[in-house]
Amino acid sequence: MIVFSNVNKWYGEYQALTDINAEVKKGEVVVVCGPSGSGKSTLIRTVNRLEEIKSGQLLFDGHDVHATVNSMELNRLRSRIGFVFQSFNLFPHLSALDNVMLSPMHVHGVKRAEARDKAMQLLERVGLAAKASSFPAQLSGGQQQRVAIARALAMEPPAMLFDEPTSALDPEMVARCWP
């Protein structure tokens, strides 16, 4: 599903990724551990091309991610990769429910009623059905993180990338989000 071949990434003089070689097969769960500043976030951000690599090759489902040249191809790629950001990146002017419904409706053309039903199921799964009408500023950090997880799951992507997705969650909620 994801293949890194001699991937390198620099920020100026600092080399954040050095000759990364790895493969993630479909259905496999991989956890990347390391100290702060070791390149974990940079690594996963290269998969959906939020970060450009300087050399090497990165394949997602057989397609060279960094050879994609036009924005339509890039948007198609990104719609197939769920991503939960460390800072959540929820839309502040939308309720929790609307944050979860937005992408399935606009990217996949899902009808509003169907998107709403799926979003409510996902909010229930992460323990936030009662907060569906709340805006991000009205939610705790852990609650915002759970909305972000529900939002990523709503697209039903073949791959999910999480940048410290459980840092604000208690152990019981971690178990509830991941069966």
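Worth saying up front: this structure is predicted, and the values here are computed from it rather than measured.

*Asks:* Could you give an account of the side chain of Asp163, naming the residues involved and the relevant values?
*Replies:* Considering the arrangement of structural elements, one finds Asp163 in the loop between strand 6 (159-162) and helix 6 (171-177). Buried charge without a salt bridge: Asp163, with Arg45 as the nearest opposite-charge side chain at an N-O distance of 5.9 Å. For Asp163, the side chain forms a polar contact with the side chain of Ser41, separated by 2.8 Å. Once residues lying within four places of it in the same chain are set aside, the contact partners of Asp163 are Ser41, Ile44, Val84, Phe85 and Gln86.

*Asks:* Outline the packing of helix 3 (residues 96-108) against helix 4 (residues 112-125), listing residues and values.
*Replies:* The N-to-C vectors of helix 3 and helix 4 enclose an angle of 130 degrees; their axes lie 9 Å apart at closest approach. One element, helix 3, and the other, helix 4, form an angle in the oblique class. Helix 3 and helix 4 meet at a crossing whose hand is right-handed. The segment helix 3 lies against helix 4, with Ala96, Leu97, Asp98, Val100, Met101 and Met105 engaging Arg112, Ala115, Arg116, Ala119, Met120, Leu122 and Leu123. Its residues assigned to classes, the contact of helix 3 with helix 4 shows 10 nonpolar, no polar and 3 charged.

*Asks:* Before we move on, can you summarise the packing of helix 3 against helix 5 (residues 141-154) with the specific residues and values?
*Replies:* Direction vectors running N to C along helix 3 and helix 5 enclose 20 degrees, while the axes themselves pass 8 Å from each other. One way to sum up the angle between helix 3 and helix 5 is to call them roughly parallel. Crossing angle aside, the handedness with which helix 3 passes helix 5 is right-handed. Facing Ala96, Asn99, Val100 and Pro104 of helix 3, the residues of helix 5 in contact are Val147, Ala150, Arg151 and Ala154. Each residue belonging to the contact of helix 3 with helix 5 can be placed in one class, and the counts come to 6 nonpolar, 1 polar and 1 charged.

*Asks:* Outline the environment of Asn89, listing residues and values.
*Replies:* Residue position: Asn89 is located in the loop between strand 5 (81-84) and helix 3. It is 24 Å that separates the C-alpha atoms of Asn89 and Glu172, two residues lying 83 residues apart in sequence.

*Asks:* With reference to specific residues and values, describe the pattern of salt bridges.
*Replies:* Tallied over the full model, the rule gives 6 salt bridges. Among the salt bridges present, the one from Arg49 reaches Glu52, with a minimum N-O distance of 2.8 Å. The partner of Arg112 in a salt bridge is Asp98, with the nearest N and O atoms 3.8 Å apart. Taken together, the residues Arg112 in helix 4 and Asp98 in helix 3 connect sequence positions 14 residues apart. Overall, Arg112 belongs to the exposed group, its relative accessible area being 52%. For Asp98, a relative accessible area of 26% corresponds to the partly exposed category. One salt-bridge network, in which partners are shared between bridges, spans Lys9, Arg45 and Glu51.

Criteria and cut-off values
- Residues numbered from 1 in each chain as written.
- Predicted model: local features only at pLDDT ≥ 70, side-chain atom pairs only at ≥ 80, totals over all residues.
- Heavy atoms only, no water.
- Helix = DSSP H or I, 4+ residues; strand = E, 2+ residues; numbered from the N terminus.
- Buried < 20%, exposed > 50% of the residue type's maximum accessible area, 1.4 Å probe, protein only.
- Lys, Arg positive; Asp, Glu negative; His and termini not counted.
- Salt bridge = Lys/Arg side-chain N within 4 Å of Asp/Glu carboxyl O.
- Polar contact = N/O pair within 3.5 Å; in protein donor to acceptor, adjacent residues only side chain to side chain.
- Contact = heavy atoms within 4.5 Å.
- Axes fitted to C-alpha atoms, helices over the stretch in contact; angles between N-to-C directions.
- Parallel < 35°, antiparallel > 145°, perpendicular 65-115°, else oblique.
- Left-handed = near helix turned anticlockwise from the far one by under 90°.
- Nonpolar A, V, L, I, M, F, W, Y, C, P; charged D, E, K, R; others polar.

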